[in-house]
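Notes for the structure review
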Amino acid sequence: MDTDTFTRARAVFDSHVAGFRDAAGTLPFALEAKFKHTGEVCEITEKIVAGEARFSPRETLIFRLCALFHDLSRFEQYAQFKTFLDRNSFDHGDRSAALIDELGLVPELPPADRACIIDAVRVHNKFAIPADFPPEHLDAAKMVRDADKLAILRLIIRFFTGDYSDPTIKLELPDTPGWTPAILETALRGNCVVYTEMRNVNDFKIGLFAWAGDINYPASAALALDEDLFGRIRATLPESDRIDALLETARSRLDTFRNLNPSCRQNP
Ligand SMILES: [Fe+2]
């Protein structure tokens, strides 16, 4: 039954996306990238759920649907505004949550489960989960935020290792040598780096290391380590003992977190 619900939801999602295809069935390049991103967030969600080995079929279905719907509004956002920048269009978390209702998605789910999905999708892109967020919806919100972050890290790595064509990445920073020392020290302390303080692309890459401290599930930490996401970002930064230390801090933070769940521990 759960598989049927997801399959039906996937069909509605696909027909929604089909509305943005041309006569030949082709999506604009930027939307094809978003379509693939959704697939990747779904795939990563499955991996985190399998790694955690503690969620019920009902919870698993909710998580899979959150992954599928989290960027639902990206298609109309690009079609209307030709941008993925929320500040120049609309908040895509809020709009994706509203679209779940507008498209009449998953009507067969109990209202409490639909409410959970809508809440999790709404906050997936916020700086932090709001303090007054319903506690019973937290697991779903944390799951979609983790899966989205890992998918974005993969995408950024692809971008910085040669695939510069991804239109979903728009950095308004110059690719100059060096980095801002204060930003590196902030990241080393495990604090978030503010985008407006970044002076170049290296500052942006350094800022990504704060994500190692903003992961919610041990299985997500295990995935980040297994795919060496932070090592691969570090490889695109200049030689420096301080940047090596940044990587080591991120790795040890993830390793400690991974070990909190015995089923995520590395095999000896
Ligand atoms: Fe998003």
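My aim in this report is to walk through the structure given alongside it, one point at a time. Keep in mind that what you see is a predicted model, and the values were worked out from it rather than measured.

1. Side note on helix 3 (residues 57-69)
Here helix 3 spans 18 Å end to end across 13 residues, near enough to the 18 Å set by a 1.5 Å rise per residue. Where helix 3 is concerned, the buried positions are Leu-61, Ile-62, Phe-63, Arg-64, Leu-65, Cys-66, Ala-67, Leu-68 and Phe-69.

2. A short note on the nonpolar core
Among the nonpolar cores identified, the biggest contains 64 residues, and Cys-66, Ile-117 and Ala-140 are the most heavily contacted of them. When residues in this core are grouped by element, the largest group, ten residues, is from helix 7 (residues 138-160). When residues of this core are assigned to domains, at least three fall in each of domain 1 (2-148) and domain 2 (171-264). When sequence neighbours within four positions are dropped, the list of residues in contact with Ile-117 reads Ile-62, Leu-65, Cys-66, Phe-69, Ile-100 and Ala-140.

3. Regarding the packing of helix 8 (residues 181-188) against helix 9 (residues 201-208)
At a closest axis distance of 9 Å, the pairing of helix 8 and helix 9 adopts a crossing angle of 10 degrees. As summarised for this structure, helix 8 and helix 9 are arranged roughly parallel, according to the angle between their axes. Contacts between helix 8 and helix 9 involve Ile-183, Leu-184 and Ala-187 from the former and Asp-203, Ile-206 and Gly-207 from the latter. The residue makeup of the contact of helix 8 with helix 9, split by class, is four nonpolar, one polar and one charged.

The rules behind the values
- Throughout this document, residue positions are counted from 1 along each chain, in the order its sequence is written.
- Given that the model is predicted, a residue must reach a pLDDT of at least 70 before its local features are reported, and side-chain atom pairs must reach 80 or more before they are shown or counted; all residues, however, enter totals for whole chains, interfaces and linings.
- A helix here means a DSSP run of H or I that spans at least four residues, while a strand means a run of E at least two residues long, and both kinds are numbered starting from the N terminus.
- An expected span of 1.5 Å times one less than the residue number is assigned to each helix.
- As a rule, residues whose C-beta atom has 12 or fewer other C-beta atoms within 10 Å are exposed, those with 20 or more are buried, and those in between are partly exposed; C-beta atoms are placed from the backbone.
- Nonpolar cores are identified as sets of buried Ala, Val, Leu, Ile, Met, Phe, Trp, Tyr and Cys residues joined via C-beta atoms within 7 Å.
- What fixes the domain bounds is an automatic or database domain assignment.
- This entry defines residue contacts through backbone-placed C-beta atoms, with two residues in contact when those atoms are within 7 Å.
- For helices, the fitted axis covers only the stretch in contact; all axes are lines through C-alpha atoms, and the angles between them, taken along N-to-C directions, range from 0 to 180 degrees.
- Working rule for angles: under 35 degrees goes down as roughly parallel, over 145 as roughly antiparallel, 65 to 115 as roughly perpendicular, anything else as oblique.
- Residues are grouped as follows: Ala, Val, Leu, Ile, Met, Phe, Trp, Tyr, Cys and Pro are nonpolar; Asp, Glu, Lys and Arg are charged; all remaining types, including Gly, are polar.

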